[in-house]
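# Residue-level structure breakdown
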Amino acid sequence: MSIAAPELAPGLGTAPRRRRERFDAIRAVVAKDLTAVRRSKAVVLPMLLVPVLLLIVLPLVIGLMASNSPAVSVEDFLGRLPAGVADPITSLPREEQMVVLINGYLLAPLFLIVPLMISAVLAADAFAGEKERKTLESLLHLPMPDRDLFLAKLITAFLPALAVSWIGFLCFATVANTVAWPVMHRLFLPTKLWMVMILWVAPAVAALGLGVMVRVSARARTAQEANQLGGAVILPLIFLAMGQATGLLLVDLPVAFAIGAGLWALALWLIARGARRFTRDSLAAKV
Amino acid sequence: MAWQPSAGELAIETRGLTRTFPSGRAVDDLTFDVRRGEVLALLGPNGAGKTTTIRMLNGVLAPDAGTARVAGLDPVAAGDEVRRRTGVLTENAGLDERLTARENLAFAARIRGLPTGVAAERAGVLLERFGMAADADRQVTGFSTGQRKRVALARALLHDPEVLFLDEPTSGLDPAATRDVVAHIGALASEHGRTVILCTHFLGEAGKLADRMAVLHHGRLEAFGTPEDLAADLWSGLAADLDLGTTAGPDVRARIERVAGVHEVHPTVDGAALLVRDREVLPEVVAALVQAGVRVYASTPRPPTLEDVYFELEARRAAPPPAPHEGAAA
């Protein structure tokens, strides 16, 4: 009838939990959440479909069309840009201008949707989803500091957003260079500004999506509700990003860094505010 | 209460524990002690404050006022240390549906710092113990309420906690599983010295398991003690059943009422239900009836059960104070 007591792990006593044990617990939450997400088609499908459409299908189709119409002049369009901004393109041979403009610059803003969307969807699942699945209370009854739990949830959303964005960019660069090869006979992506966007701005955008969803999820009862509430904040950000990112790719490197830093500052401010409110007491009071 | 334990014997102490939400006061000035190895039934209607009490005891909610100690620790100051020593079964099981039963247990074990091998072995034993071994590697999403409850119970016991908070541990279980779980909870307390706080609406089950009962109403502790002690406060006298093979007629009832110490006599299908001063009155009743030629098949004292006490408290709360002795034979 009875079951023998298990041997407790070393360190399980009144002594403070060791750093390694806390790290293991954070890893456990991340691994659990990502395993659960992997098994959820409703979460995985948009996470994969949107990057595939934006970063593979669209550049492939538009790139092929642009490559097959090298004679089309883009000078009128470039002429409307501020002086000096269009120089990197106008200095290219005319047959290269179209494909570089579209795949190198005009499609670039769409790229920022990927980290924003993935971090937002995963954050909604990680924070509001626990309430929706009624798993939050049992999670709060586990011995894990609030701060560690919050950090684990951030990592759950942030790392996949980065991974998918970076893998997506590799695919995008491969597709864009491939379709442009007949015209350009060289690799034109990534440019230095693209690298700033990938390594500095995209993570900032992912963090921004996370920051918004952390705040929104505190009020939402379900992941869907969080996505809807978050969408009201994030969609304008997407349009803003799309409007500005083309310009971002046409500005100097220091300005691009500064814009990324601004996004990081906003994201970290939102996350820090979310962290202050992420306490067992406030979470349990809403269960 | 007459019993005054030393601090070392207490698994849980609360003093004036209070918590208010915007919707109102959920727990109000709660003071009680629970001994190590004791099963306490925490009873009350929905919204009485049971879940809030458990959350405060486990350091999930902070009290607005008052203090608590669980396993010798303050849940506010040392919440994680308290939670390492406690196991909680929440009312809705709280399993991640997208994980398998075994993965749910493995996750909790990792958070609790159990070595992987120990956790796997322990999870296997517990899942087997609760009849879930065959479904251990299935995703929870297809499980019935009872199956979820059994997996969640295994998770709560995984680290052999000193204190167990069990919220409706048998709801959704079939009769065989209920019997099994009740027996297991009883053994945890009686054989392994584990302290159990049991929230349940199944009063029969609480009666089998609980050493003492705490009744909450609107967050206030309405009654606390053993069912016997509480019954003594509620009723003066002892209920008993008299088996006469047939309903006691007026003559028989009159004869019984003449015996000193008999307070009330009510006819039943096979005899009479009595309220007497104490058990010493019953032989006198039997003797009087035998002397009168009435056949008496059995005379059975019926001490009030936990269920009797609970419903009497409910009834008295709802109605004006009853006349002396009223309701004791119900």
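The structure reproduced in this document is the subject of the present report. (Residues numbered from 1 in each chain as written. Chains lettered and ligands numbered in written order. Predicted model: local features only at pLDDT ≥ 70, side-chain atom pairs only at ≥ 80, totals over all residues. Heavy atoms only, no water.)

## Some remarks on the overall build of chain B
A count of helices and strands for chain B gives 11 helices and 13 strands. Viewed in the frame of its principal axes, chain B has a C-alpha envelope of about 75 × 45 × 35 Å. Out of the 330 residues belonging to chain B, those deemed buried represent 54%. Of all intrachain contacts in chain B linking residues separated by at least 6 positions in sequence, the fraction that spans at least 24 positions is 69%. In the form shown here, chain B has an accessible surface area of approximately 13900 Å², with 52% of it arising from carbon and sulfur atoms. The distance from the centre of the 36 positive side-chain charges to the centre of the 45 negative ones in chain B is 4 Å. (Helix = DSSP H or I, 4+ residues; strand = E, 2+ residues; numbered from the N terminus. Buried < 20%, exposed > 50% of the residue type's maximum accessible area, 1.4 Å probe, protein only. Contact = heavy atoms within 4.5 Å. Areas by Shrake-Rupley, 256 points an atom, 1.4 Å probe, with all protein chains shown as cover. Lys, Arg positive; Asp, Glu negative; His and termini not counted. Charge placed at Lys NZ, Arg CZ, Asp CG, Glu CD.)

## Considering the interface of chain B and chain A
Between chain B and chain A, the residue contacts involve 50 residues of the former and 45 residues of the latter. Both faces considered, chain B and chain A share a buried interface measuring about 4100 Å² in area, 59% of it formed by carbon and sulfur atoms. When the shortest N-O distance is used, the salt bridge between A:Lys32 and B:Asp96 registers 3.7 Å. Taken together, the connections running from chain B to chain A amount to 12 residue pairs in polar contact (both at pLDDT 80 or more). Secondary structure elements with two or more residues in the side of chain B that touches chain A: strand 1 (10-21), helix 1 (50-57), helix 2 (79-85), helix 3 (101-111), helix 4 (116-129) and helix 6 (175-190) of chain B. Residues belonging to the side of chain B that touches chain A are distributed by class as follows: 20 nonpolar, 12 polar and 18 charged. (Buried area = accessible area lost by both parts, 1.4 Å probe. Salt bridge = Lys/Arg side-chain N within 4 Å of Asp/Glu carboxyl O. Polar contact = N/O pair within 3.5 Å; in protein donor to acceptor, adjacent residues only side chain to side chain. Nonpolar A, V, L, I, M, F, W, Y, C, P; charged D, E, K, R; others polar.)

## Details of the packing of aromatic side chains
How two aromatic rings sit relative to each other is set out by the distance from centre to centre and by the angle between their planes. Residue and element names in this part refer to chain A. This structure, assessed with the given rule, holds 13 aromatic pairs over all chains. Consider the rings of Phe127 and Phe278, whose centres lie 5.8 Å apart with planes at 90°: the pair is edge-to-face. On the criterion of sequence distance, the pair formed by Phe127 in the loop between helix 7 (113-126) and helix 8 (128-132) and Phe278 in the loop between helix 13 (253-277) and helix 14 (280-285) is long-range, its members being 151 residues apart. For Phe127, a relative accessible area of 8% gives the class buried. Taking the relative accessible area as the measure of exposure, Phe278 reaches 12% and is therefore buried. With 6.0 Å between their ring centres and 45° between their planes, Trp200 and Trp264 make a pair best called tilted. Placement of the pair is Trp200 in helix 11 (residues 192-219) and Trp264 in helix 13, with a sequence separation of 64 residues. With a relative accessible area of 28%, Trp200 lands in the partly exposed category. On the basis of relative accessibility, which here comes to 19%, the residue Trp264 falls in the buried class. Each residue in the set Phe111, Phe169, Phe172 and Trp194 is aromatic and connected to the rest through ring pairs, giving one cluster. (Phe/Tyr/Trp six-rings, centres within 6.5 Å; stacked < 30°, edge-to-face > 60°.)

## As for unusual backbone geometry
The omega angle of the peptide bond from A:Leu189 to A:Pro190 is 0°, so this bond is cis rather than trans. Within the secondary structure, A:Pro190 sits in the loop between helix 10 (146-184) and helix 11. Backbone geometry places B:Ala71, a non-glycine residue, at a positive phi of 50°. Along the polypeptide, B:Ala71 turns up in the loop between strand 4 (65-70) and helix 2.

## Overview of helix 13 of chain A
The end-to-end C-alpha distance of helix 13 of chain A is 36 Å, a good match for the 36 Å that 25 residues give at a rise of 1.5 Å each. For helix 13 of chain A, every residue scored as buried is listed here: A:Ala256, A:Gly260, A:Trp264, A:Ala267, A:Leu270, A:Ile271 and A:Gly274. (Expected span 1.5 Å × (residues − 1).)

## Some points on a nonpolar patch on the surface
All names here are of chain A. Together, Val52, Leu53, Val57, Leu60, Val61, Leu64 and Met65 make up an exposed nonpolar region whose accessible area comes to about 570 Å². Positionally, Met65 belongs in helix 2 (residues 41-67). Residue Met65 is classed as exposed on the basis of its relative accessible area, which comes to 54%. (Patch = residues over 30% accessible without salt bridge, like charges linked within 9 Å, V, L, I, M, F, W, Y side chains within 5 Å.)

## Structural notes on the sheet that holds strand 1 of chain B
Residue and element names in this part refer to chain B. Pairing in this open sheet of three strands is antiparallel, and the strands run 2-1-4 from one edge to the other. Each having just a single partner strand, strand 2 (24-35) and strand 4 make up the two edges of the open sheet. Strand-to-strand twist of the sheet, defined as the mean angle between neighbouring strand axes without regard to direction, takes the value 20°. Running at roughly 120° to strand 1, helix 1 makes contact with strand 1, strand 2 and strand 4 of the sheet. (Pairing = 2+ DSSP bridges. Axes fitted to C-alpha atoms, helices over the stretch in contact; angles between N-to-C directions.)

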